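One letter stands for each residue in the lines below.
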Amino acid sequence: MRLNFLFCALALASMFSCQNSDSNNSGVEKSEELTNASVYIDSAFTKMFMSEVDGQITGADGTYSIPLSDGRSLFLFGDSFLDKVVDNTREEKDPPFIHNSFMILDGLDGGIKPIFNTLDGHNEAIAEPFADDHWYWPGTGFEKDGKLYVFMSEFFQRDPNSIWGFEWLSTDLLVYSLEDFSILERYDIPYSNDNGVHYGHAVVEDGEFVYIYGAQATDEGNSVAHVARAKQGSLEKDWEFFDGSGWNDNPMSTQPMGGLSTVQISEQFNVVKMKDSFVLLTQQRGIGEPDIYTFTSDEPFGNWDNKVNIYRTTEQDADSTVYTYNAMIHPQLEKDGRILVSYNVNTLVFEDLFTDASIYRPRFISVPTQLILGDSKSEKI
């Protein structure tokens, strides 16, 4: 039954959610299939980011990042392989992976340190719900006053005989020590299922508030983005909800943020602050949808405009069983006016994750800030 869980991850990504090239001396490849010619595949960073060493993270998805005050970045992953890779293959074990892990990245060229738990010699996730046979997939979070705040979504397998038989239960807020990543506090967010909005997949700090974003599936099968906010220091309670024109304490009053109607928001998307703008990045929702978009706004709740199709993934063009999903932006990893964006790659054929270990790893592209922000705001972050 444990093998079904990765298929659950595949399903979550798709429902809520190889190339001819020339290269330069930096190890960055230019694809013939790029949406914009100024965007490049950062093959050097992609290769460095995932290890092939036993006890390191050799395959994962999720790929959220949180900038830390000491200049490093914390990455958050969902289902994570930790086994050695030899000749691009990995050994099948039971269980084959853990459901979540962290990784510290020390800059663009720095070292990598995986963070997960061990028990009686077995690898364990960095966090698990209290209920047996439930698991967490991470959303995002932030650092504040020497502590790490992370939203974790709790899932369970409703139907053990179906690869689609999983269900999201609720979202918890976990508070970690940044010294040893032990859990200091755990809060059940009371608004997790209100109005069908799955909060915690994007977070922005701005002034006295923390803005918490979520996706809502509509009756028509579409997906729209909502936002709530809480005051700094009281993130576990007393949220306010954006109703399209203002804020109130009724979670059922939320309305989709404006300006995003032309794109189906993925279940996991990003909102970050860059210069004086807020940037929303999303991959088109649905399995096999390759397009990655950005929008900008002067306010964290929209109206979102300046739509740019920054990239079209191509891994699925070479293999119809492979697909990409849930792109993320990492503005703290900026260099020379360019920013890293990641997207996840996976396959519908579970056995291929072992025979081709390169599939289930994030890819990184290098994107000019000017493409996202425009000429007036494209200076270095």
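Here the structure is shown first, and the text comes after it.
The present account deals with the structure reproduced in this document. Every value quoted in this text rests on a predicted model; they were computed, and no experiment measured them. (Residues numbered from 1 in each chain as written. Predicted model: local features only at pLDDT ≥ 70, side-chain atom pairs only at ≥ 80, totals over all residues. Heavy atoms only, no water.)

1. With respect to the overall build of the protein
For clarity, the threshold we go by: Helix numbering and strand numbering both begin at the N terminus, where a helix is a DSSP run of H or I of at least 4 residues and a strand a DSSP run of E of at least 2. Burial classification: accessible surface area is computed with a 1.4 Å probe over protein chains only, and a residue below 20% of its type maximum counts as buried, one above 50% as exposed, and the rest as partly exposed. The Shrake-Rupley method, run with a 1.4 Å probe sphere, supplies the accessible areas, and residue values consider only the shown protein chains as cover.
Helices and strands together make up the secondary structure of the protein, namely five helices and 27 strands. Residues counted as buried form 56% of the 381 residues belonging to the protein. On the protein, roughly 15700 Å² of surface is accessible, and the fraction owed to carbon and sulfur atoms is 44%.

2. Quick word on the nonpolar core
Note the following rule: Among buried residues, the Ala, Val, Leu, Ile, Met, Phe, Trp, Tyr and Cys ones that are joined through side-chain atoms within 4.5 Å form a nonpolar core.
Ile 310, Tyr 311, Ile 329, Ile 365 and Val 367 are the most contacted members of the largest nonpolar core, which totals 23 residues. Put simply, the parts of the chain that give this core at least two residues each are strand 21 (270-274), strand 22 (277-283), strand 24 (305-312), strand 25 (322-335), strand 26 (338-347), strand 27 (363-368) and helix 5 (369-373). The element contributing the most residues to this core is strand 26, with four residues. Among the nonpolar cores identified, the runner-up in size contains 20 residues, and Val 204, Phe 209, Ala 215 and Leu 260 belong to it.

3. Brief notes about the packing of aromatic side chains
Test applied: For Phe, Tyr and Trp, where Trp contributes only its six-membered ring, two rings pair if their centres lie within 6.5 Å, and the inter-plane angle classes them as stacked under 30 degrees, edge-to-face over 60, or tilted in between. Only when the NZ of Lys or the CZ of Arg is both within 6 Å of the ring centre and within 35 degrees of the ring normal is a charge said to sit over the ring.
Applying the stated criterion across every chain yields a total of 31 aromatic pairs. The interplanar angle of 35 degrees and the centroid separation of 5.1 Å between the aromatic rings of Tyr 191 and Trp 239 together place this pair among those described as tilted. Of this pair, Tyr 191 sits in the loop between strand 15 (183-188) and strand 16 (197-206) while Trp 239 is found in the loop between strand 18 (223-231) and strand 19 (240-242), placing the two residues 48 residues apart along the sequence. The same class applies to Tyr 191 as to Trp 239, namely buried. Clustering of aromatic rings is evident, with ring pairs tying together Phe 45, Phe 49, Phe 75, Phe 77 and Phe 364. If you follow Arg 90 out to its NZ or CZ, it ends over the ring of Phe 81, 4.2 Å from the centre.

4. A short note on a negative patch on the surface
Under the convention used in this document: Patches draw on residues past 30% relative accessible area with no salt bridge. Two like charges within 9 Å are joined, as are two nonpolar side chains (Val, Leu, Ile, Met, Phe, Trp, Tyr) within 5 Å. In what follows, salt bridge is the name for a side-chain nitrogen of Lys or Arg lying within 4 Å of a carboxyl oxygen of Asp or Glu. In this count, Lys and Arg are taken as positive residues and Asp and Glu as negative ones, while His and the chain termini are left out. In this description, the location of a charge corresponds to atom NZ of lysine, CZ of arginine, CG of aspartate or CD of glutamate.
Taken together, the side chains of Asp 54, Glu 91, Glu 92 and Glu 351 present a region of like negative charge at the surface. Structurally, Asp 54 is set in the loop between helix 2 (43-49) and strand 4 (59-67).

5. Side note on the sheet that holds strand 14 (residues 166-177)
Condition: Pairing between strands requires that DSSP locate at least two bridges from one strand to the other. To obtain each axis, a line is fitted to C-alpha atoms, and for helices this fit is confined to the stretch in contact; angles are then taken between N-to-C directions over 0 to 180 degrees.
With respect to topology, four strands assemble into an open sheet ordered 12-13-14-15, the strand pairing being antiparallel. With one partner strand each, in any of the chains shown, strand 12 (134-144) and strand 15 form the two edges of the open sheet. Within this sheet the neighbouring strands show an average axis-to-axis angle of 25 degrees, counted without direction. In this structure, strand 14 lies alongside strand 15, joined through five bridges in antiparallel fashion. In the strand pairing of strand 15, Asp 172 is matched with Asp 188.

6. Focus: the sheet that holds strand 20 (residues 247-248)
As a general point, the strands of a sheet are linked pairwise by backbone hydrogen bonds and lie either parallel or antiparallel. Taken in spatial order, the five strands line up as 16-17-18-19-20 in an open sheet, and their pairing is antiparallel. Edge strands, defined here as strands with exactly one partner in the open sheet, are strand 16 and strand 20. Where strand 17 (residues 209-217) meets strand 18, nine bridges bridge the pair, whose relative direction is antiparallel. Pairing of Tyr 211 across the sheet is with Arg 229, part of strand 18.

7. Some thoughts on unusual backbone geometry
Along the chain, Asp 94 connects to Pro 95 via a cis peptide bond; the corresponding omega equals 0 degrees. Along the chain, the position of Pro 95 falls in the loop between strand 7 (89-90) and strand 8 (101-105). Here the amide bond leading from Gly 302 into Asn 303 is cis, since omega sits at 5 degrees, within 30 degrees of zero. Secondary-structure assignment places Asn 303 in the loop between strand 23 (291-297) and strand 24. Phi is positive for Asp 133, which is not a glycine, with a value near 65 degrees. If you trace the backbone, Asp 133 turns up in the loop between strand 11 (122-124) and strand 12. The residue Lys 275 is not glycine, and still its phi comes out positive at about 55 degrees. Lys 275 gets classed as partly exposed once you look at its relative accessible area, which sits at 36%.

8. Topic: the pattern of salt bridges
Two side chains with opposite charge may pair up if their charged atoms get near one another. Applying the stated rule across the entire model yields nine salt bridges. The salt bridge involving Glu 52 is made with Arg 361; its shortest N-O contact spans 3.7 Å. Separated by 309 residues along the polypeptide, Glu 52 in the loop between helix 2 and strand 4 and Arg 361 in the loop between helix 4 (352-355) and strand 27 bring together distant segments of the chain. Its relative accessible area of 39% is what places Glu 52 among the partly exposed residues. In this structure, Arg 312 and Asp 317 form a salt bridge, with 2.9 Å as the shortest nitrogen-oxygen distance. Here Arg 312 falls in the partly exposed class, since its relative accessible area comes to 28%.

9. Brief notes about the environment of Pro 251
The test is simple: Throughout, a contact is declared for two residues whenever any of their heavy atoms are within 4.5 Å.
In this fold, Pro 251 is placed in the loop between strand 20 and strand 21. It is 8.3 Å that separates the C-alpha atoms of Pro 251 and Trp 239, two residues lying twelve residues apart in sequence. For Pro 251, the residues in contact, after removing those within four places along its chain, are Tyr 191, Asp 194, Asn 195 and Phe 241.

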